[in-house]
Amino acid sequence: MRLINHCILLVTLSSASVGLSAEIDGADQDNVLEEVIVTATLREVSLQDLPMSVTALTAKGLLDIGAISMEDVWRQVPNLAVRDAPFGGNSFIIRGLTDTDTFLSTESINAFYLDDTPLTYVSGLFSTPGDAAILDLQRLEVLRGPQGTLVGANAMGGVIRYISNEPDPGGKQGHVEVNLSNTDEGGWNYGGHAVWNQPTGPESALRFAALYQNDDGFIDDIGLGRSDINSRERLAARFSWLWNISVRWDVLARFYAEDIDLGGYNYADDVGRHWTGDLTESDYEIVLSVPEMREEELRLASLRLRWQGDQAEFYSSTSFYQKDVFLINDWSPEHWYFFGLVHPAEGGNDARQQDFTQEFRLISTGGGRFNWLLGAYYLDQEELLDEWLYSEDLPTDHFGVPAGDTIVYVDSNRATDRKDKAIFGEASWRFTERLEGVVGLRWYDSKRVQQIDGGGIFIIPGSAQGESEGWIPKASLSWDINDRNMMYGLVSQGFRPGQFNNPGAIGFCGARPTIDDDKLTNWEVGLKHRSTDGSVILNASLFHIDWDEMQFNAFQADCPFPVLENVGKASSQGIELDFAWLITESISLQGGVGYTDAQLDSEFVGEGVNIPAGTPIPNVPDWTANIAVTWEYDWRSDLPGYLKIDAQYVGDRTTLFDESIDWPMYRQLDAYTLVNLRFGMNPGKFLAEFFITNIFNERAKLFCCRMFYEPAVNRPRTIGLRARWSID
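Since this is a predicted model, take the numbers as computed values, not measurements.

### Examining the side chain of T183
Working step 1: Tracing the backbone through its elements, the reader meets T183 in strand β10 (residues 173-183).
Working step 2: Judged by relative accessible area, which is 1%, T183 ranks as buried.
Working step 3: Reaching out from T183, the side chain makes a polar contact with the side chain of N189 at a distance of 2.9 Å.
Working step 4: Sequence-distant contacts of T183, that is, excluding residues within four places in its chain, are made with N189, R715, P716, R717 and T718.

So, in C-alpha cells, the structure goes:
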C-alpha cells in the first residue's frame, strides 16, 4: 500500500512538472540553469538524460562552500546519511542500507571510488572506508541503488565517486585558497589548499594539488585534565601527469597521499562516570582514564591507459592502494560495566590494508540505437591487524590474574586475504526515438581467508574462509515524454560476501567465524524534468528494496564485543527529490528531500538477542532535507558579491537494533537542523568571504554511543574568513 501511495505521488509530480513547463514557457530565455554533465554510466551524459537516481555536486558548488571532506557535503544529498562513529570513522548510508549499531565498521555496502580506484575496505574492529579529502575535484557523484553492472567494485547499495580534474595541456592555471576561523568551545582553525596545472609539451601536462587543514578541538577531558582533545590535522596531496600519446591513445598517472591525525574523538558525555563520581557539567566534556588518539595514512598510485576508437573506447585502470590506521581508545567504561572493575583499561589496533586492483572497460561510442559496456575487475587485498586490550596493575584478582599484575584480554594478530573477480556489462536498445531499454549482468567470484593468532583470555586462535560466486542482473526502461520530461523504471540486484567475525566475539561470545552472504533487490521509478525555459529542474524517484539474509553487526547482552550475524529479511522504501530554480538572473534556490522507511521484516532470535519484525534499522533518519538560497549582487559596478544561506535537516534515528538489551544508552537520536551563512565578494580572480557555520549553535547527536551517555556530536558554531586567488 505504501509503495502504491508513492507511485501516485510520483505521477502527481510528473503531471505538476509538465504543467509547470507550460506556465513558465514565456519566461526570460536567458534565465537558464547550467547543464550538469556526469559520467555515472562511464559516458558523458546530461544528468537530466540519465535514467537513474544520481546527485552531482559540481566543482563550483564544492568550492563555494569550502568543502574539505564528505563531512561538509553529505547533508546536501537526499537519502544519504552518515554513521559518524569516531572510533570506526564515517560509514555512508544510502537509502537506509546500513548494517551496524556499533562503532565497528563492517565491509562496505557501498562502493567508494577515487577517480578510477575503488577504496574497498574489509570488516575489522576499527577499519574504515577511505576518508579522502575533497581536493581539486571536477565533480562528486552519488549513485543510489545497486551498480554492480557499471563498476568493478561491489556496489550493493550505491556508489560515491570523487572525480578529480585532469591535467590540461592547454595552458597554465591554478589557484590558492586560505581560511581562518574560530569555533565556540574550542579555538582557532586554519588551513588552505593550492592547485597548479603546468603544460609540459603540446600534448602533455602536470597537475599538482595540496591541502592542509588544522581544526582545533572542542571537547574537554575532565578525567585527565585536558582541553580541546579532539583536534584534527589533515594533509593531502595529488600529483597527476597526462600524456596524449596520439589522437587515439593517452595515459594518465596519478599519485595521492593523505595523513589524518586525531588528538581524540568528538564524543561528549552528557552525565559522566557515575560509578566514580566524575560528572560532567558542560555539553562538551567527557571523562577519560586513558588518552585516546587516531592516525591514518592513505597512499594511492594509479595508471589509466585509454584508447579512443571510432566506435568504442577502451580503458585500463591499474591501482595500488595502502591504508594504515593506528589508534588507542579508553576501554575503562566497558571494564566497569562487564566486570565491575573501576580501573583503567586500554584498547587499540595497528592495521595495514593493501589493495591491488585492475579494471578493464570497453565502451561503445558510436551512438545509434544500440550501445553497450563490458568490464572486468580483479582485486587482491591483504590486511594485517594487530589488536590489544589490557589493564595494568589490577586492583584485585581477576580471571585468575593476581592483583598488581597486568591482565591481557586481547593480544591478537589477524591476517585477511581476499581475491575478487568480476565480469560485468550493460546493453541498451532504443526501441523508438523516445523509448529505451537497458539490461545488465554481473558475474562475481570472491574468495576470503582469515588467520587469527596471538593470545589473551578472549582470543581463540584459528582460521576461517569463505567463497561466493553468482550472478546479479539489472533491467530498466526509460520514456522521454517530451524534450524536457523523462520517466524511467528499473530493477537491479546487489550482493555482498559473508564477513568474518571479530576475534573477541568468536573467542569470548561464541560467535561463528564466518556469516552468510546477503543480497538485495532494488525496485525504482523516477522522473526527470526541466522547464521549457531552463530555469527549473526537478528530479524525483521512489524505491523499494527487499534485503535477504541481511548481515548486521550489533551489541548483544553480556558480550563486550559486537557480533556479526545474518538477521533475516529487511526492507527499505522511500522517495528522494532534487530541485533547482533560477528565480531571477541573480537569485537561485536549490535543495532536496529524502524519506526512508527501513525496517527488519522477519523476527530474529539468537543467543541473548530478540529483535521483533518491524524494528527500524538503526542510524537511518526518516527524513533528510536541504535547501540553499543564493543572491548574487554588485557591491558596485566593478565589485560583484554574493550572499548564500543554506540549511540541512536530518530526522530522528534509532540507535540499537535489539531494544531488549538493558543498557543505559540512548534509544533514539533527535532530529536536528544546521544553518550556515556565507557572503563575500568575487572581483575577477580574487574571492574574499566571511562565513558562519552552524549559526544557531545546534548540538546535534550524530551517533550513540561510545558506551553509556557519550554521543558523538557535531562542531559548534564556527565563524571565519576565506580567501582565494586564481592564476592563469
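### Observations regarding the side chain of T55
Working step 1: Among the secondary structure elements, T55 is positioned in strand β3 (residues 54-58).
Working step 2: Among the residues examined, T55 registers a relative accessible area of 6% and is labelled buried.
Working step 3: Separated by 2.6 Å, the side chains of T55 and R144 make a polar contact.
Working step 4: Residues contacting T55, with those up to four places away along its chain left out, are V77, P78, L140, E141, V142, R144 and D578.

### Describing the pairing of strand β6 (residues 111-114)
Working step 1: By the alternation rule, side chains of β6 split into A111 and Y113 and F112 and L114, which are all buried.
Working step 2: Pairing between β6 and strand β7 (residues 117-118): two bridges, direction antiparallel. Paired with L114 across the two strands is T117, which belongs to β7.
Working step 3: Here β6 folds back onto β7, and the loop between the two strands holds two residues, one of which, D115, carries a positive phi near 60°.

### With respect to the environment of I423
Working step 1: With respect to the helices, strands and loops of the structure, I423 is situated in strand β23 (residues 407-430).
Working step 2: For I423, a relative accessible area of 51% translates into the label exposed.
Working step 3: Measuring from C-alpha to C-alpha, the distance between I423 and V151 comes to 9.7 Å, with 272 residues separating the pair along the chain.

### Remarks on a nonpolar patch on the surface
Working step 1: Residues W243, I245, W249 and L305 make up a contiguous nonpolar surface patch of about 350 Å² in total accessible area.
Working step 2: Exposure remark for I245: the relative accessible area of 41% places this residue in the partly exposed category.

### Re the sheet that holds strand β8 (residues 137-144)
Working step 1: Across the sheet, five strands lie side by side as β3-β8-β9-β6-β7; this open sheet has mixed pairing. The open sheet is flanked by β3 and β7, the only strands paired with a single partner.
Working step 2: Sheet topology places β3 next to β8; five bridges connect them, and they run antiparallel. Looking at the pairing, A56 lines up with E141 of β8.

### Quick notes on the confidence of the model for the protein chain
Working step 1: In the predicted model, the protein chain carries a mean pLDDT of 87, and the fraction of residues at 70 or more is 90%.
Working step 2: Predicted confidence is poor over residues 6-29, with pLDDT under 50, and the contacts of this stretch with residues over four places away or in other chains come to 41 contacts.

### Considering the pairing of strand β22 (residues 370-391)
Working step 1: Bridging between strand β21 (residues 346-364) and β22 involves 18 bridges; their strand directions are antiparallel. Directly across from D355, in β22, lies its bridge partner Q381.
Working step 2: Taking the residues that link successive antiparallel strands as the turn, the β21-β22 hairpin has five residues, and the phi of G367 there is positive, at about 75°.
Working step 3: With 22 bridges connecting them, β22 and β23 associate as antiparallel partners. Its bridge partner being in β23, S391 is matched across the sheet by I407.

### Focus: unusual backbone geometry
Working step 1: Unlike most non-glycine residues, R95 shows phi in positive territory, near 55°.
Working step 2: Looking at where R95 falls in the secondary structure, it is placed in the loop between β5 (89-94) and β6.
Working step 3: Phi at N694 is positive, roughly 55°, even though this residue is not glycine.
Working step 4: On the accessibility criterion, N694 (4% relative accessible area) is buried.

Quick notes on the rules
- Residues numbered from 1 in each chain as written.
- Predicted model: local features only at pLDDT ≥ 70, side-chain atom pairs only at ≥ 80, totals over all residues.
- Heavy atoms only, no water.
- Helix = DSSP H or I, 4+ residues; strand = E, 2+ residues; numbered from the N terminus.
- Buried < 20%, exposed > 50% of the residue type's maximum accessible area, 1.4 Å probe, protein only.
- Polar contact = N/O pair within 3.5 Å; in protein donor to acceptor, adjacent residues only side chain to side chain.
- Contact = heavy atoms within 4.5 Å.
- Pairing = 2+ DSSP bridges.
- Patch = residues over 30% accessible without salt bridge, like charges linked within 9 Å, V, L, I, M, F, W, Y side chains within 5 Å.
- Areas by Shrake-Rupley, 256 points an atom, 1.4 Å probe, with all protein chains shown as cover.
- Salt bridge = Lys/Arg side-chain N within 4 Å of Asp/Glu carboxyl O.
- pLDDT = per-residue confidence, 0-100.

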